[in-house]
Amino acid sequence: MPTYRAPVQDTVFVIRDVLGYQRHDNLPGFADASPDVLEAILSEGAKLAENVMQPLNRVGDMEGCVRHEDGTVTTPEGFAEAYRQYCGGGWMGLSVPAEYGGQGLPYLVHSAVGEYLVSANMALMMYPGLTQGAIAAILAHGTDEQKQKWLPKMVEGVWTGTMNLTEPHCGTDLGLLRTKAVPNGDGSYKISGQKIFISAGEHDMAENIVHLVLARIEGAPEGVKGISLFIVPKRKVDGAGNNGEENGVSCGSIEEKMGIHGNATCVMNYDEAEGYLLGAENGGLKAMFTMMNEARLGVGLQGHAVGEAAYQNAASYARERLQGRSLSGAKATDKKADPIIVHPDIRRSLMTMRAFNEAGRALILWTALQSDIAHRSEDEKERQEAEDHLALMTPVIKGVLTDKGFEHAVAAQQVFGGHGYIEEHGMSQFVRDARIAMIYEGANGIQALDLVGRKLAQNGGRAVQTFFKTVGEFCEENRTDEKMAPYTKALKKGLNDLQAATMWLMQNAMQKPENAGAASYDYMHLLGLVALGYMWGRMVKVAQDGLAAGADGSADFLEQKLVVGRYFMERVMPETAAHLARVSSGADTMMALPAEAF
């Protein structure tokens, strides 16, 4: 049976020592999360993840969700009670403003706890995860009346939320959507159409479900310019905020999926359901992107979190499984074989997973901190820089960390050998669950196109140039430090490769857009490697300084940082050269064959 332990010490190290979040205690909510409070919150989140959520992970995978003849859906045994414990602990509104029932703490803290809970049970955590995305959209685009009407009960958890974009004939190309909205004359609309792949679309854990639905108002322009966003509850809500009659919203079926069986992925039918415009008319895409961008960061966290859980189980198995002898001589002389962790190839898998996971955690938390600055700072320049960071790193976190999360789930399964293919050990579930994160909220190829086609050129390339400057200055500041040399030299080489790839795109993509498309996936991973390498540079610098200051009882932890960081620089960072070579090869060969030749 799989196990999981939340990496609280590592999270505290990143937030407190590497990011120095306490320097931002002038921002709303930060002063309420002092170092002691932060550790207490993380410890309580860890208990919830380990003791409540994780034991239900395999239950959810085996049982799945059941749709009944009346369209209602039952979640796996134990899910509803676990969800109630989650809501009862105030976790739903951790970073939501207090005026709507939340705690107003930093999004950084929400993200840190979120990793533990998703590692423990990805499918279950999708129910509150979608709700939090809907809360963010209503906070950003709702009227005061809408916020007061919908948010308190969503924060309390008695109502949940969803996002409804995809239709049977239209996924990424939302301009093709057909769901229509007809004005009722009283400010509400009749919403009719069908949406598919709707996570948490119907379930038995909440009294009402608040669907956010993209639709086209009658007479609106064609394409994406004519899309609006609507609040469409499962049950109507009266003026006092009480649930009323059914609202023409029904679950037509549950998708039969490869993984995340514990989450109800629904086909949703809207039959003249009453809905309310959220945001501006024909401004639905802008409003939905508030939710989608948060969701993309959340999906990146999912990829990372499942990869972390898979790694932990692979490492535990490798320490116990006896097979063969060490190449340098027997290590477990009292046994007939050595544990497989003595073999270099097993170490290769484990070290690669761990090196990516620790840097990925730091990148997610750094970006979550930037989200807090963007939304809470009163300094315009500081907000702009944070918003630039979010725009640049959102597709990277979503694309790179979900690709790697799946790779690591597969690598962890491989460590188990034949036992990894047997359901009893749970490694198959990690592989199956991680796979969806590469697809939903915009498939990773779309993330790469968004990065290269939109984000790089925004504001004259300001965001990526700032990133180049940040990484370059870090390398220069530590250039004469001999202890940092193994890290900074590799990081500087990666940065040079990234800058060369960026220059190649500037020179070749405008005249031939297919060059940008052909380069985009490798460019995304190249930027991701440099971002992760920069995280390692910062972590190693803090670890070295900590050791020099006496380590304060954490010498082993800090020494391990130096080793794992060096592994990343020696064995992973050289991949930037391969990505650069592929970027600069252009699109000619890729696009040469006629379609019928495939």
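Above this note sits the structure.
Residues numbered from 1 in each chain as written. Predicted model: local features only at pLDDT ≥ 70, side-chain atom pairs only at ≥ 80, totals over all residues. Heavy atoms only, no water.

Draft legend 1. Structural detail: the overall build of the chain. For the chain, the count of helices and strands is 17 helices and 11 strands. Taking 598 residues into account, the globule formula puts the C-alpha radius of gyration at 25 Å, and the chain, at 24 Å, falls close to it. Over its C-alpha atoms, taken along the principal directions, the chain stretches across nearly 80 × 60 × 60 Å. Expressed as a percentage of the 598 residues in the chain, the buried residues total 58%. Surface summary for the chain: the accessible area is close to 24,900 Å², and the carbon and sulfur share equals 51%. On the chain, the mean spot of the 55 positive side-chain charges and the mean spot of the 74 negative ones are 6 Å from each other. (Helix = DSSP H or I, 4+ residues; strand = E, 2+ residues; numbered from the N terminus. Rg over C-alpha atoms; globule rule 2.2 N^0.38 Å. Buried < 20%, exposed > 50% of the residue type's maximum accessible area, 1.4 Å probe, protein only. Areas by Shrake-Rupley, 256 points an atom, 1.4 Å probe, with all protein chains shown as cover. Lys, Arg positive; Asp, Glu negative; His and termini not counted. Charge placed at Lys NZ, Arg CZ, Asp CG, Glu CD.)

Draft legend 2. The arrangement of the packing of aromatic side chains in detail. For the coordinates displayed, the defined rule picks out nine aromatic pairs. Between the aromatic rings of Tyr21 and Phe30, the centroid separation amounts to 6.4 Å while the plane-to-plane angle is 40°, which identifies the pairing as tilted. Judged by its relative accessible area of 1%, Tyr21 is buried. Ring geometry for Trp150 against Tyr276: centres 6.2 Å apart, planes inclined by 40°, an arrangement best described as tilted. (Phe/Tyr/Trp six-rings, centres within 6.5 Å; stacked < 30°, edge-to-face > 60°.)

Draft legend 3. Broad picture of the side chain of Ser377. For Ser377, the location among the structural elements is in the loop between helix H9 (344-376) and helix H10 (380-415). On the accessibility criterion, Ser377 (7% relative accessible area) is buried. Of the polar contacts made by the side chain of Ser377, one reaches the side chain of Glu382; its length is 2.6 Å. Excluding residues that lie within four positions of it along the chain, Ser377 makes contacts with Leu27, Asp372, Glu382 and Arg383. (Polar contact = N/O pair within 3.5 Å; in protein donor to acceptor, adjacent residues only side chain to side chain. Contact = heavy atoms within 4.5 Å.)

Draft legend 4. Layout of the pattern of salt bridges. Counting across every chain of the model gives 33 salt bridges. One salt bridge connects Arg432 with Asp61, and the closest N-O pair in it is separated by 2.8 Å. Pair noted here: Arg432 is in helix H11 (residues 427-437) and Asp61 is in helix H3 (residues 57-63), with a separation of 371 residues, a long-range link. Residues Asp388 and Arg462 are paired through a salt bridge, measuring 2.7 Å at the closest nitrogen-oxygen approach. Of this pair, Asp388 sits in helix H10 while Arg462 sits in helix H13 (residues 462-477), and the two are 74 residues apart along the sequence. The class for Arg462 is partly exposed, based on a relative accessible area of 29%. Overlapping salt bridges bring together Asp10, Glu115, Glu308, Arg354, Glu358, Arg361 and Lys561 as one network. (Salt bridge = Lys/Arg side-chain N within 4 Å of Asp/Glu carboxyl O.)

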